[in-house]
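Inside the fold
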Amino acid sequence: MDKREVVGSWLSGPRAAAEQMGVDFGYRGERLGLPESGPGSIAPVGRRIAAIFVDWILCVVIAYGLIAHRSVHSAQNWALLVFGVVSLIGLGLVGSTPGKMILRLRVVGVDGRRLGLLAVLVRTVLLLLVVPAVVWDRDTRGLHDKAAKAVQVRI
């Protein structure tokens, strides 16, 4: 084996090295029985991040105008609570937050059904902690989604 191959596989990561050896990982969502593209497929990471930013901006505006008495510093503190409430209500009732609706995303159980109240609560609490949301598996499901047995899909 050439030393450049070893360095190349190390720099590329274990997935690239495994793919060079012939391992087929499939597409995101294949293990969950979801389609590769189109409605019902796993939501792209960029859309999910954009949806969170839309939701966050909405929550800051709500906190600034209704709760924090037009104090920017207080609005940032209250926005996290508003974000949690918006997430609980949105996911509990329709499976989407306003940002997810705008970007045509939905959160469903891995079985395709709507999430139960306990799953929505677990997912929201872990999302508010941030760290579980940024640790992903190969289907780009965060730990908050895995704990709630949920997946974000395109509408």
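Report on the accompanying structure. (Residues numbered from 1 in each chain as written. Predicted model: local features only at pLDDT ≥ 70, side-chain atom pairs only at ≥ 80, totals over all residues. Heavy atoms only, no water.)

**A look at the packing of aromatic side chains**
- Enumeration according to the criterion identifies one aromatic pair in this entry.
- The cationic tip of R48 hangs over the ring face of W136; the distance from NZ or CZ to the ring centre is 5.8 Å. (Phe/Tyr/Trp six-rings, centres within 6.5 Å; stacked < 30°, edge-to-face > 60°. Lys NZ or Arg CZ within 6 Å of the ring centre and 35° of its normal.)

**Regarding the environment of V134**
- Here V134 shows up in helix α7 (residues 131-134).
- Of the residues examined, V134 reaches a relative accessible area of 60% and is grouped as exposed.
- Placed ten residues apart in sequence, V134 and H144 show a C-alpha to C-alpha distance of 8.9 Å. (Helix = DSSP H or I, 4+ residues; strand = E, 2+ residues; numbered from the N terminus. Buried < 20%, exposed > 50% of the residue type's maximum accessible area, 1.4 Å probe, protein only.)

**Considering the pattern of salt bridges**
- According to the stated counting rule, one finds five salt bridges in the structure shown.
- Overlapping salt bridges, with partners in common, bring together R31, D137, D139 and K146 in one network. (Salt bridge = Lys/Arg side-chain N within 4 Å of Asp/Glu carboxyl O.)

**Things to note about helix α4 (residues 72-93)**
- When the terminal C-alpha atoms of α4 are compared, their 30 Å separation across 22 residues agrees well with the 32 Å that a helix rising 1.5 Å per residue should span.
- Along α4, the largest kink reaches about 35° and is centred on W78.
- Looking only at α4, the buried set comprises A75, A79, V82, F83, G84, V86, S87, G90, L91 and G92.
- Taken together, the buried residues of α4 touch α3 (45-67), α5 (98-102), β1 (105-109) and α6 (117-128).
- Backbone geometry just downstream of α4 places G95 in the positive-phi region, at approximately 80°. (Expected span 1.5 Å × (residues − 1). Bend = angle between axes of the 7 residues up to and from the residue. Contact = heavy atoms within 4.5 Å.)

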